[in-house]
Amino acid sequence: MHDLHLRYQIQANWTMAIRSRLCARFSLADMSRVLEVGSGTGVIAGELASIMHGSMYGLDIDAPATAYAKKNSPGPQYLVANALSLPFPTNSFDAALCHFLLLWVPSPQEVLAEMTRVTKSGGAVLALAEPDYGGRIDYPSSLIELGRQQTLALAAQGADPQIGRKLHALFSAAGLVEIQVGLLGGEWSGTPSSEEIDSEWTMLQSDLAHRVSDEDLDSLKQIDQDAWRKGSRILFVPTFYAHGRVP
Ligand SMILES: C[S@@+](CC[C@H](N)C(=O)[O-])C[C@H]1O[C@@H](n2cnc3c(N)ncnc32)[C@H](O)[C@@H]1O
């Protein structure tokens with residue numbers, strides 16, 4: 001679970017700028033009750049609880065991840081439940097948000113309907129980050145196949161690798177108003193830490209174990225690491241955010 005937590009921390013770093021901007025824009029710190037759906041090991045919920053005056057709640061279907069969150073990301077009230085049936089009354093939160101959740105659920109529309117239901121009229125529903133692997137850019141071109149295989153592996157695990165581009169449609173269909181959808185930018189400077197590269201490759205090796213031979217994976221890893229070292233590597237997975245208000 002600790003490796004997963006480190007992975008989630010790295011992902012949360014990628015999306016920190018937009019999260020800070022949206023927290024300020026919606027004055028999340030001053031809200032009374034905020035819910036993160038799919039809170040995992042508590043990286044985002046814990047961070048938000050530390051800036052909030054009110055109560056932060058984190059909910060996840062994964063009991064071990066939630067137990068880890070209680071211990072290692074204190075602050076929020078955590079519970080184990082399914083996003084498809086949130087165990088809260090209608091109109092009970094000022095905001096409901098998620099971060100890298102919707103790609104993993106079989107019915108994102110039903111999850112958004114639940115997030116909308118539990119949010120008060122005038123409150124905010126936010127998807128802070130959802131990727132779209134359909135727009136992935138890999139350079140050097142010898143790594144394009146790596147991206148293609150990772151996208152296929154995600155789909156085989158039940159994820160929707162193109163969830164990002166669907167956020168606008170999903171938010172509209174949920175009946176939310178004042179919807180805004182955006183895309184996180186990309187910036188490359190320096191080399192990622194060896195911890196970040198190792199974390200990426202631990203995930204790739206587990207995702208691609210049955211799709212790509214060990215030999216090919218080793219060679220792709222070498223190309224990837226050389227490219228990062230030489231300062232020529234570009235890896236860009238378009239990551240969308242969306243927010244709307246409950247009418
Ligand atoms: C990629 S993790 C993101 C965790 C956390 N939001 C973060 O960014 O650190 C996705 C989380 O969604 C949870 N999840 C997936 N389907 C769910 C469902 N139906 N109900 C509640 N949580 C769900 C998973 O258990 C996992 O912890």
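To be clear, the structure that these remarks concern was listed above.
We now turn to the structure provided with this report. Everything numeric in this text was worked out from a predicted model, so none of it was measured. (Residues numbered from 1 in each chain as written. Predicted model: local features only at pLDDT ≥ 70, side-chain atom pairs only at ≥ 80, totals over all residues.)

Regarding the overall build of the protein
Part 1 of the argument: Across its full length, the protein holds nine helices and nine strands.
Part 2 of the argument: Its C-alpha atoms give the protein a radius of gyration of 18 Å, near enough to 18 Å, the size a compact globule of 247 residues would have.
Part 3 of the argument: If one aligns the C-alpha atoms of the protein with their principal axes, the spans along those axes are about 55 × 35 × 35 Å.
Part 4 of the argument: Burial status across the protein gives 37% buried among its 247 residues.
Part 5 of the argument: Contacts in the protein between residues far apart in sequence, at least 24 positions, make up 74% of those at least 6 positions apart. (Helix = DSSP H or I, 4+ residues; strand = E, 2+ residues; numbered from the N terminus. Rg over C-alpha atoms; globule rule 2.2 N^0.38 Å. Buried ≥ 20, exposed ≤ 12 C-beta atoms within 10 Å, placed from the backbone. Contact = placed C-beta atoms within 7 Å.)

With respect to helix α4 (residues 63–72)
Part 1 of the argument: Those residues of α4 that sit buried are Ala 65, Thr 66, Tyr 68 and Ala 69. The buried side chains of α4 occupy one side of the element, clustering within an arc of 160 degrees when seen end-on. Turned more than 90 degrees from where α4 packs its buried face, Ala 63, Pro 64 and Lys 71 sit exposed.
Part 2 of the argument: The inward-facing, buried residues of α4 abut α1 (2–14), α3 (43–51), β2 (55–60) and β3 (77–80). (Arc of directions from axis to C-beta.)

A look at the site of the ligand
Part 1 of the argument: Taken together, 20 residues form the shell around the ligand, and within it Tyr 8, Gly 38, Gly 40, Ile 61 and Ala 83 come nearest.
Part 2 of the argument: Those elements that place two or more of their residues in the shell around the ligand are α1 and α3.
Part 3 of the argument: For the shell around the ligand, the element with the most residues is α1, which contributes three residues.
Part 4 of the argument: Grouping the constituent residues of the shell around the ligand by class yields 12 nonpolar, six polar and two charged. (Near = placed C-beta within 6 Å. Nonpolar A, V, L, I, M, F, W, Y, C, P; charged D, E, K, R; others polar.)

Topic: the sheet that holds strand β5 (residues 119–131)
Part 1 of the argument: Within the open sheet, the seven strands sit side by side as β3-β2-β1-β4-β5-β9-β7. Their pairing is mixed. Both edges of this open sheet fall to β3 and β7 (177–183), since each of them pairs with a single strand only. Pairwise comparison of adjacent strand axes, ignoring direction, gives a mean angle of 15 degrees for this sheet.
Part 2 of the argument: Judged from the five bridges that link them, strand β4 (residues 93–98) and β5 form a sheet pairing that is parallel. Residue pairing for β5: Leu 97 is matched across the bridge by Leu 126.
Part 3 of the argument: In the packing of helix α2 (residues 16–25) onto the sheet, contacts are made with β5 and β9 (239–245), and the angle to β5 comes to roughly 170 degrees.
Part 4 of the argument: Relative to β3, α4 is tilted by about 170 degrees, and along the sheet it contacts β2 and β3. (Pairing = 2+ DSSP bridges. Axes fitted to C-alpha atoms, helices over the stretch in contact; angles between N-to-C directions.)

Thoughts on the pairing of β9
Part 1 of the argument: Among the seven residues of β9, six are classified as buried, and the element is accordingly described as predominantly covered.
Part 2 of the argument: As paired elements, β5 and β9 share six bridges and run antiparallel to each other. Along β9, the bridge assignment pairs Ala 124 with Arg 245.
Part 3 of the argument: Two strands pair when backbone bridges link them, and β7 and β9 are joined in this way by five bridges, in the antiparallel orientation. What sits directly across from Gln 180, in β9, is His 243.

Section: the packing of α1 against helix α8 (residues 194–208)
Part 1 of the argument: Running from N to C, α1 and α8 cross one another at 115 degrees; their axes reach a closest spacing of 10 Å. In this structure, the crossing between α1 and α8 has a hand that is left-handed. From α1, Asp 3, Leu 6, Arg 7 and Ile 10 reach across to α8, where they touch Glu 196, Ser 199, Thr 202 and Met 203. (Left-handed = near helix turned anticlockwise from the far one by under 90°.)

A closer look at the environment of His 53
Part 1 of the argument: Positionally, His 53 belongs in the loop between α3 and β2.
Part 2 of the argument: Sequence-wise, His 53 and Gly 40 are 13 residues apart; in three dimensions their C-alpha atoms are separated by 22 Å.

A short note on the packing of α8 against helix α9 (residues 214–230)
Part 1 of the argument: The geometry of α8 relative to α9 is characterised by a closest axis approach of 12 Å and an angle of 155 degrees between their N-to-C directions. In terms of orientation, α8 and α9 fall into the roughly antiparallel class. Judged by the sense of rotation from one axis to the other, the crossing of α8 with α9 is right-handed. Residues Ile 197, Trp 201, Gln 205 and Leu 208 of α8 touch α9, and the partners they reach there are Leu 217, Lys 221, Gln 225 and Trp 228.
Part 2 of the argument: Its residues assigned to classes, the contact of α8 with α9 shows five nonpolar, two polar and one charged. (Parallel < 35°, antiparallel > 145°, perpendicular 65-115°, else oblique.)

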